[in-house]
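Structural characterization, general
Each chain, written out:
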Amino acid sequence: MNPCQDNKALKLMVQEALPHGKNGKVADYIPALSFANPTTLSLAIFDSEGTCAAAGDISEKFTLQSISKVIALALALMDRGEEGVFSRVGMEPTGDPFNSIIKLETHSPSKPLNPMINAGALAVTSLINGNTIDEKLGRLLAFVHELSGNTSISYNSEVSESEFKTADLNRSLAYFLKQHHVLTGNVEHVLELYTKQCAIEVDCQDLARIAFVIANEGKHVESARQIIPLHIARILKTFMVTCGMYNASGEFAIRVGVPAKSGVSGGIMACIPHGVGIGIYGPALDDKGNSIAGMKLLESLAQRYQLSIF
Ligand SMILES: NC(=O)CC[C@H](N)C(=O)O
């Protein structure tokens, strides 16, 4: 696997975007995330030639958080099929914050509107095959290893424990879903798996490689192996466009126009059809939970390289 090469043009773009982070704040509702350095920004871009260009400190690691929802959805769809997953979770954007409970009660039936909000992601995580939490997590990690080509990726237990102890809102969502038979099984087990899934730790280069596979119709560049079936890769990208940036997805589609998924750690994964994967890390967030400098950087990249799919 070729390591990413520093790129001068990208470095300039990172330097330009970085000051925008000053207007943001690192997430602290998960206490372990509050230690992140708000003045950092890094970028890796992996393309169909198998080359990777980078800028910023790409060795910095961060947890996937909501970006993991895309990966868990892929695995659940491979495990259960579309009917098995979409009987429990819908396909529509909400316009509400990612952890909102409101539409679960006002919508009938009370299944979560999509897999990118927390309620939908909890339902999806509960569908991953395996007899024990360890087995399910092991399958998820093996899948991440395959997508990224990096078998050393694991989860950060300090972050997962910090989230598990404080996840009362997600706990409420999950118990609500259990009451309405959307989620079956032990809620605490689902939360344990979900918080470990969110705490899977990567760097920008790993994220760019994962993004590439999704962008490239589910295929690896080196081996051309189909890791994710084509129709599932399309579903993932479509959800990323309609719901990937939470309740900022509409504005992001206009300003940037690429399938992307953010996480509250400050990561953004962007998948440019049909074969560029982008990984970004910038932990200062806006009030919707998206990386401010990261979004600015994607906007400049999209303008400069005409990336918008629209
Ligand atoms: N938006 C996010 O990244 C949310 C993920 C986080 N683990 C949570 O459930 O709150």
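Residues numbered from 1 in each chain as written. Predicted model: local features only at pLDDT ≥ 70, side-chain atom pairs only at ≥ 80, totals over all residues. Heavy atoms only, no water.

Put simply, the test is: UniProt positions are given in the numbering used here, feature names are shortened, and annotations may be inferred rather than shown by experiment.
Per an unreviewed UniProt entry, the chain carries the name Glutaminase and comes from Salipaludibacillus neizhouensis. A UniProt comment under Sequence similarities (unreviewed entry) is attached to the chain, and it reads "Belongs to the glutaminase family." Database annotation for the chain, UniProt heading Catalytic activity (unreviewed entry): "L-glutamine + H2O = L-glutamate + NH4(+)".

**Concerning the site of the ligand**
Formally: Summary of the distance rule: residues count as near a molecule or strand when at least one heavy atom falls within 4 Å of that molecule or strand. Pairs of N or O atoms are called polar contacts if they sit within 3.5 Å, as long as, within protein, a hydrogen donor faces a hydrogen acceptor (for residues adjacent in sequence, only side-chain-to-side-chain pairs). Note on areas: Shrake-Rupley, 1.4 Å probe, and residue coverage restricted to the protein chains presented here. Residues are grouped as follows: nonpolar covers Ala, Val, Leu, Ile, Met, Phe, Trp, Tyr, Cys and Pro; charged covers Asp, Glu, Lys and Arg; every other residue, Gly included, is treated as polar. Domain segmentation is taken from an automatic or database assignment of domains.
Neighbouring the ligand are 13 residues; Tyr29, Gln65, Ser66, Tyr194 and Tyr246 lie closest to it. Between the ligand and Gln65, the relevant distance is 2.6 Å, taken from a nitrogen atom to a side-chain nitrogen or oxygen of the residue. Between the ligand and Asn118, the relevant distance is 3.1 Å, taken from an oxygen atom to a side-chain nitrogen or oxygen of the residue. Summarising the interface, the protein chains cover 99% of the accessible area of the ligand, which totals 300 Å² for the free molecule. When the residues that make up the shell around the ligand are grouped by side-chain class, the tally is seven nonpolar, five polar and one charged. Two domains each provide a minimum of three residues to the shell around the ligand, namely domain 1 (3–65 + 202–305) and domain 2 (67–199).

**Some points on the UniProt feature "binding site: substrate" (unreviewed entry) in the chain**
Put simply, the test is: Helix and strand definitions here come from DSSP, where helices need a minimum of 4 consecutive H or I residues and strands a minimum of 2 consecutive E residues; each element is numbered from the N-terminal end. We call a residue buried when its accessible area falls under 20% of the maximum for its residue type, exposed when it is over 50%, and partly exposed in between, using a 1.4 Å probe and counting protein chains only. Should any heavy atoms of two residues lie within 4.5 Å, those residues are counted as being in contact.
Sequence positions flagged by UniProt for "binding site: substrate" (unreviewed entry) are, in local numbering, Ser66, Asn118, Glu163, Asn170, Tyr194, Tyr246 and Val264. Structurally, the position occupied by Ser66 is in the loop between β4 (62–63) and α2 (68–86). Classification of Ser66 by relative accessible area gives buried; the value is 6%. In contact with Ser66, not counting residues within four places along its chain, are Asn118, Tyr246, Lys261, Ser262 and Gly263. Position of Tyr246 relative to the elements: it lies in the loop between α10 (230–243) and α11 (249–255). With a relative accessible area of 7%, Tyr246 lands in the buried category. Tyr246 has contacts with Ser66, Phe98, Lys261, Ser262, Gly263, Val264, Lys288, Gly289 and Asn290, leaving out every residue within four places of it along the chain.

**Details of the pattern of salt bridges**
Condition: The salt bridge definition used is simple: a Lys or Arg side-chain nitrogen within 4 Å of an Asp or Glu carboxyl oxygen.
Enumeration over the complete set of coordinates arrives at eleven salt bridges. Asp96 is the partner of Lys103 in a salt bridge, and the nearest nitrogen-oxygen pair spans 2.7 Å. For Lys103, a relative accessible area of 25% corresponds to the partly exposed category. A salt bridge links Arg209 to Glu222; its shortest N-O distance comes to 3.6 Å. Taken together, the positions of Arg209 in helix α9 (residues 204–215) and Glu222 in the loop between α9 and α10 put the pair 13 residues apart, joining distant regions of the chain. Among the charged side chains, a salt-bridge network with shared partners connects Asp168, Arg171 and Glu188.

**What about the domain arrangement of the chain?**
Convention followed: Summed over both partners, the accessible surface that disappears when two parts come together, traced with a 1.4 Å probe, is what is meant by buried area.
When its domains are assigned, the chain resolves into domain 1 (3–65 + 202–305) and domain 2 (67–199). Contact residues are listed per partner, giving 39 residues for domain 1 and 37 residues for domain 2. Considering only the surface of domain 1 that becomes buried against domain 2, Leu64, Gln65 and Phe239 emerge as the three largest contributors, covering 19% of it. At the junction of domain 1 with domain 2, the criterion picks out one salt bridge.

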